[in-house]
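# Commentary on secondary and tertiary structure
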Amino acid sequence: VLLVFPDFQSLDTFEIFLRGEFPGKQIIKYDGRLSATRRMATYRLVEENQYDIILGTRLALFLPIPDLYLYVLFDPEAQGHYSEQVPHYHALQVLYERVKQMGGALHVVGIIPPLWIYYRLCMGEFQEGNFECSRLTGARKIKTVALENAGKQPVVAPSIREAIARVLSLGERVLVWVQKTGYAAALGCRDCGFYYLCSDCEVALRYHLDLKTLFCPLCGKKVKPDDTCPVCGGSFWEGWGEGIEKVYEELQKYFPRHRLFRVDSESPLKECTVDMLELPGIVVGTSGMLREDLLRKSSLLVILSFEDWLYLSDFNARDEFYGELHRAFLLMGIDVQSAPQVLIQGSSDAVAKVEHFLKPWRVFYEESLQKRKVLRYPPFCYLVRVMGESRNRNRCNVVLNALRGIMEENGVGVTGPFPGAGLRKRGKWTEELDLNFEEGRLKEVFDLFSRWMVSIEREGIRWHLEVYR
C-alpha cells in the first residue's frame, strides 16, 4: 500500500495513527527530509519488498515498489502535490496514469475534488465516494466588506478590525489571508508617476520593505531602488497595492499587545514556533498558511484584497482558488467554541463577484467546464506551451515562427510567439508558443514536433515544455 500526502505534517500525523492500528506491519516514511544516504537505503529496502505500508510525499511515487496494488492520495486539492521544478507534474496525475497502465486501485481522499477529477467523474472514469459539499449556510457566517483603497484609507477596514478585536478578546485565533508577498505591488514616484518595471518581463516590480529590494514576480530579478526618481529627480516614493508586509505592519499598529505571526516565502510556517499553533493571536499569511491544524483552531478568517484573486493570468487560477476557499470554509473553527466567521474585503466591483465563488462545487465546476469547452481549454483539448530561452531574442522568435508554420499547415491551433512569462533570467530572453489540439491528434502533433526539434538542435536554444490536458 502506498499513501501519498501533500505535506510533512499530515504524513507524520497519519503515521502515528497507522502504527497504533497496525502494530505488526512494517511501515516506512519516504520524503524530502531524509538525507541522501538514508534515502538510498530506504530505496533499496523498498525494492527488496521489506515493507507493507509506505507513506510519503510525491517523492514516494518513484520508488520501485513491487506487488503494489492500493494507492491512496490525500487532499488532492493541496498545492504540495504539484512539483514547481522541472519536470512539472502533479502526484494525482502520475498515479492516475500509473494505475491505467499497470493496474491496481486508486483512492482519493479529500474535501473538494479538483476540476479534472470532477470531469472524469462526469465521464465515468472515476466513481464518487462521499465528497462533501461545503457547509456554507449556518455553520459558516460569511460577510463581505467593500473598501476602496484610495487616498490614505487603511489596508484593513474598520469593521474588520472590530471583528478581529472581538475574537482576540475571547482568546481565539484570527487568520488573515493575503494574496501578494512583499510590501507593495509596485513602487513609484509620487511626483511624476514613474514606477519600476522588470526590464525583461515588463511587469511592475514588487517592493519588499524588509529587504529594501524590488523583486520581479515572474522571473525573480532583484533591483535596488534609487534614492531619487530617475525620471524627475523626486525624492518621494510611494507603494501601490498591499502585500503581506504592509498588512502585517498595519495590524501591529492596531493590535500592539497581541501576538502576530507572519507566514510567507520569507517566513515559512515550518520555521514558526509552537505558539502559532497553540496560543491565540493573529496569523497573517499567503496560501501556505491554510493548513488544517491552523484552520481547525481559528474562529475568524479574513480575506483581504479579494480582487487580487480575480485577475490572475493562469487559466487554472480561479478553479484552484475556489478549491482553497472551500477547503478553508469547511475546516474553519472545527475545534473552537464560538461560531466561525469569514470576512471578505475588496473593492465594490470585486465583492459583487463573491457570490460566484460560494456556489456548490458541482455548479461552479459545471460552469467552468462550459467556458473551457468554448475556449478549447483542457480537459477538452491539449494545451502545450513551448518556451525557448536564448541570449538572442530574434533567434527564438525565428525558430518558433518556423514551428508555427508547420503546425498551421497541419491544422493545429497556434498562438504566438510572444514573450514568455516564467523562465526569464537576467541577460536572456524567452519566447513561447502555445499549441492547442484535440486528444485524438496527440501522436500526429508529437511526430511533427519531434521532427522540428531534430531540425533545430544546432540553434543553441534551451527548450522547456509545459503540457496541460
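Here's a quick rundown of the structure. The structure presented is a predicted model; accordingly, all values stated were derived computationally and were not measured. (Residues numbered from 1 in each chain as written. Predicted model: local features only at pLDDT ≥ 70, side-chain atom pairs only at ≥ 80, totals over all residues. Heavy atoms only, no water.)

On inspection of all chains with the given rule, the structure shows 26 salt bridges. Its salt-bridge partner being Lys29, residue Glu15 comes within 3.3 Å of it at the nearest N-O pair. On the criterion of sequence distance, the pair formed by Glu15 in helix H1 (residues 8-21) and Lys29 in strand E2 (residues 27-30) is long-range, its members being 14 residues apart. Residue Arg120 is joined to Glu125 by a salt bridge in which the shortest nitrogen-to-oxygen separation is 3.8 Å. On the accessibility criterion, Arg120 (4% relative accessible area) is buried. One network of salt bridges, in which partners are shared, links Asp12, Glu15, Arg19, Lys29, Asp31 and Arg33. (Salt bridge = Lys/Arg side-chain N within 4 Å of Asp/Glu carboxyl O. Helix = DSSP H or I, 4+ residues; strand = E, 2+ residues; numbered from the N terminus. Buried < 20%, exposed > 50% of the residue type's maximum accessible area, 1.4 Å probe, protein only.)

Here we take up the sheet that holds strand E1 (residues 2-4). Strand order in this open sheet of five strands is E2-E3-E1-E4-E7, and the pairing throughout is parallel. Strands at the two margins of the open sheet, each flanked by one partner only, are E2 and strand E7 (105-109). Sheet twist, expressed as the mean angle between neighbouring strand axes with direction ignored, is 20°. Where E1 and strand E3 (residues 53-56) come together, three bridges link them in parallel fashion. (Pairing = 2+ DSSP bridges. Axes fitted to C-alpha atoms, helices over the stretch in contact; angles between N-to-C directions.)

Inspection of the entire model under this criterion finds 29 aromatic pairs. Between Phe5 and Phe14, the ring centres sit 5.4 Å apart and the planes meet at 50°, which makes this aromatic pair tilted. For Phe5, a relative accessible area of 2% puts it in the buried group. With relative accessibility at 22%, the residue Phe14 sits in the partly exposed group. Residues Phe321 and Phe357 carry aromatic rings whose centres are separated by 5.5 Å and whose planes lie at 70° to one another, so their mutual orientation is edge-to-face. (Phe/Tyr/Trp six-rings, centres within 6.5 Å; stacked < 30°, edge-to-face > 60°.)

Take the pairing of E2 next. Relative to E3, E2 runs parallel, the two being bridged by four bridges. For Ile28, the partnering residue across the bridge sits in E3 and is Ile54. Assessed by its sense of winding, the connection that carries the chain from E2 through helix H2 (residues 36-47) to E3 is right-handed. (Right-handed = clockwise from strand over helix to strand, strands pointing away.)

Within the fold, Pro66 resides in the loop between E3 and strand E4 (70-74). For the pair Pro66 and Ala36, spaced 30 residues apart in sequence, the C-alpha to C-alpha distance is 22 Å. Once residues within four sequence positions are removed from consideration, Pro66 is found in contact with Val46, Glu47 and Asn49. (Contact = heavy atoms within 4.5 Å.)

We now examine the sheet that holds strand E12 (residues 213-215). With antiparallel pairing, three strands are arranged side by side in an open sheet as E11-E12-E13. Since the sheet does not close on itself, it has two edges, and those belong to strand E11 (206-208) and strand E13 (222-223), each with one partner. With three bridges connecting them, E11 and E12 associate as antiparallel partners. When the bridges of E12 are listed, His208 appears paired with Thr213.

Where helix H3 (residues 91-102) contacts helix H4 (residues 115-123), the two axes come as close as 11 Å, and the packing angle between them is 30°. Taken as axis vectors, H3 and H4 run roughly parallel relative to one another. Packed against H3, whose contacting residues are Leu92, Gln93 and Tyr96, the element H4 presents Trp116, Ile117 and Arg120 at the interface. Of the residues belonging to the contact of H3 with H4, the class tally is four nonpolar, one polar and one charged. (Parallel < 35°, antiparallel > 145°, perpendicular 65-115°, else oblique. Nonpolar A, V, L, I, M, F, W, Y, C, P; charged D, E, K, R; others polar.)

Below, the discussion takes up helix H11 (residues 361-375). Spanning 15 residues, H11 covers 21 Å between terminal C-alpha atoms, matching the ideal 21 Å at 1.5 Å per step. Those residues of H11 not exposed but buried are Trp361, Phe364, Tyr365, Ser368, Leu369 and Arg372. Across the axial projection of H11, the buried residues extend over an arc of 130°, all falling on one side. Exposed positions of H11 whose direction lies more than 90 degrees from the buried face are Lys371, Lys373 and Val374. Packing partners of the buried residues in H11 comprise H4 and helix H9 (317-331). Of the residues one or two after H11, Arg376 is the one with positive phi, at around 60°. (Expected span 1.5 Å × (residues − 1). Arc of directions from axis to C-beta.)

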